[in-house]
Amino acid sequence: MRPPRWLPLVGLLFFSLIPSQLCQICKVSATDSRRLEPLINTMLKARYTKGIQDANVLLTLRLVGIKNQSLEQQLSQQIKEDINSREMELTSGQLALGILALGACENPDEEFIRGAHLVSKLGDKFQAEIQNMETHDGNPLTNYYQLSLALLALCLFNGSYSITDVTYYFTPENKNYYFEDQFSVDTGAVAVLALTCVQRNKMQKKTEASTEDKIKNYTATLADKIQSEGKQGLLGNTFSTGEAMQALFVSSDYYKSETNCQETLRTVFYNISQKAFFPPISAAQILPALMGKTYLDVTNSSCSHNPVKFNISPEKPGAVMPTTAPLNISVKYSVRINETSQTEVTVRNGSVFLDVMKAAQEKNETLFRFTVEETSWGPYVTSVQGIKANTCDRTFWKLLSNGQPLGQGAGSYVVQNGENLEVRWSNY
């Protein structure tokens, strides 16, 4: 994505073309490119109705050069309509993602960004996050993933932000990089991309050497933390690996090792074959890195260049095999706050966690009532028994199965017969 023509970008392009600015990438070879087609099919064949929540898909389509004019126009129009109707209630991360998608690779949507003063408004939302941290024990209005995404968009589109705030709040030791004492790989990855952009801009503006050194050290430390979360080809988990790869491309020599690269690709290819990257946002987040791109490339002149030609065709439905699986299954479900409320429900075989929550609520609304918020990743549990998750208090509702935290959301985790499911009030 290139920023609007009225913004100076010669310096940024210059630094982005210096070989040392891109340490080492790990991308899919032309001969293996067909293995990415399921990801592209997932994005092209989905139904999109959620406006700004689908901005990841538009960003990826433009960034990796997949041409589908009708879908691109549909997504663009829905995102712009969503911004126009809900501008005040959009979070910093949502608006940042909208700017990245709409401004991608020098296209007519840049006029909308300029006319609606979106970059300036994002700067206001970013500052509101900082002010909330100053008054609420260092906690932003949203989270550090969104804060980092906002900083990245402001940096790429020459928005306003304080370098003093960046050096103060983006230290690698900040508690907001952690979720229940576990380093959040995707949060750290987006922070690395944002800090790398800031570092390049500061190099142009001749910032004090001490400030440059701090940002450089932050980036290196966060990259080390990302690498330390690597296991069996994944960085963090299946869904954080794409953005983690992007971060390591610009901050580390991790992928100079052919072994590391091949291990990552082998694991990702396997997960693609297992249809792990669903919904479309998960495909959109992994695909740029596999094509050797990062979100920093959105302001490069070669942003949408893609020499690979994909063979996109309708997938043939597989044969339906008769099954002897039971139509219904029995699942235990509990809500744990200070005390534990338990029940057992019967749901259809193939049901997801959310179906169990609905069945429990029908049995006893007082104990098991809940609310969800629709996100691009699916429904997110926002309250149970009227108790709401709160980012200022760093509280949330944790989903567990047989005592273990789930890596999938309430709308995607398929439950099994006899399983013990739990929703637990937690701090992070």
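Residues numbered from 1 in each chain as written. Predicted model: local features only at pLDDT ≥ 70, side-chain atom pairs only at ≥ 80, totals over all residues. Heavy atoms only, no water.

Participant: I would appreciate a short explanation of the sheet that holds strand β9 (residues 387-388) in the present structure.
Facilitator: Sheets are built from strands that pair by backbone hydrogen bonding, the pairs being arranged parallel or antiparallel. Strand order in the open sheet made by the three strands is β7-β8-β9, with antiparallel pairing throughout. For this open sheet the edge positions go to β7 (370-375) and β9, each flanked by a neighbour on one side alone. When β7 meets strand β8 (residues 378-384), the two strands line up antiparallel, connected through six bridges. By the bridge assignment for β8, Thr371 is matched with Ser383. (Pairing = 2+ DSSP bridges. Helix = DSSP H or I, 4+ residues; strand = E, 2+ residues; numbered from the N terminus.)

Participant: I would appreciate a short explanation of the pattern of salt bridges in the present structure.
Facilitator: Pairing is possible between side chains that carry opposite charge, provided their charged atoms lie close to one another. Applying the stated criterion across every chain, the model contains 12 salt bridges. With its nearest N and O atoms 3.4 Å apart, the salt bridge here joins Glu374 to Lys50. Separated by 324 residues along the polypeptide, Glu374 in strand β7 and Lys50 in the loop between α2 (37-45) and α3 (55-63) bring together distant segments of the chain. According to the relative accessible area criterion, Glu374 is partly exposed, its value standing at 40%. A salt bridge links Asp137 to Lys175; its shortest N-O distance comes to 3.3 Å. With Asp137 in the loop between α7 (118-135) and α8 (144-156) and Lys175 in the loop between α9 (163-169) and β1 (178-179), the pair connects residues that are 38 residues apart, well separated along the chain. According to the relative accessible area criterion, Lys175 is partly exposed, its value standing at 30%. Via salt bridges that share partners, Arg62, Glu72, Lys80 and Asp109 belong to a single interconnected network. (Salt bridge = Lys/Arg side-chain N within 4 Å of Asp/Glu carboxyl O. Buried < 20%, exposed > 50% of the residue type's maximum accessible area, 1.4 Å probe, protein only.)

Participant: When you look at helix α13 (residues 258-273) in this model, what are you seeing that I'm missing?
Facilitator: Because an α-helix packs 3.6 residues into every turn, residues spaced three or four apart end up facing the same way. Between its first and last C-alpha, α13 extends 22 Å over 16 residues, near the 22 Å set by a 1.5 Å rise per residue. Every buried residue belonging to α13 is among Asn260, Cys261, Thr264, Leu265, Thr267, Val268, Phe269, Asn271 and Ile272, and all of these are buried. Packing partners of the buried residues in α13 comprise α2, β4 (234-235), α12 (241-251) and α14 (280-290). Just past α13, the residue Lys275 takes up positive phi, approximately 60°. (Expected span 1.5 Å × (residues − 1). Contact = heavy atoms within 4.5 Å.)

Participant: Mind showing me how you'd approach the confidence of the model for the chain here?
Facilitator: Note that predicted coordinates carrying low pLDDT should not be read in detail. Of all residues in the chain, 90% attain a pLDDT of 70 or more, and the chain-wide mean is 89. Considering only residues more than four positions removed or in separate chains, one finds that residues 1-20, a stretch of pLDDT under 50, has 51 contacts. Considering only residues more than four positions removed or in separate chains, one finds that residues 315-321, a stretch of pLDDT under 50, has four contacts. (pLDDT = per-residue confidence, 0-100.)

Participant: I'm lost on the nonpolar core in this one. Help?
Facilitator: For soluble globular proteins, the rule of thumb is that nonpolar side chains tend to be buried together. By size, the foremost hydrophobic cluster in this structure holds 100 residues, and its most contacted members are Leu36, Phe170 and Leu290. The element best represented in this core is α8, accounting for 11 residues. For Leu36, the residues in contact, after removing those within four places along its chain, are Val28, Phe269, Ile272, Leu287, Leu290, Met291 and Phe310. (Core = buried A, V, L, I, M, F, W, Y, C linked by side-chain atoms within 4.5 Å.)

Participant: How should I be thinking about the state of the cysteines in this particular structure?
Facilitator: Disulfides are covalent bonds that connect the sulfur atoms of two cysteines. Counted according to the given criterion, the structure contains three disulfides. Two residues share a disulfide in this structure: Cys105 and Cys303, whose sulfurs sit 1.8 Å from each other. The chirality of the disulfide connecting Cys105 with Cys303 is left-handed, given an S-S dihedral of about -40°. One end of the pair, Cys105, is in the loop between α5 (92-102) and α6 (110-115); the other, Cys303, is in the loop between α14 and β5 (328-336), with 198 residues separating them in the sequence. Cys303 matches Cys105 in its accessibility class, with the two residues each being buried. Disulfide pairing places Cys155 opposite Cys197 at an S-S distance of 2.1 Å. Taking the torsion about the sulfur-sulfur bond, which here is approximately -95°, the covalent link between Cys155 and Cys197 counts as left-handed. (Disulfide = S-S within 2.5 Å.)

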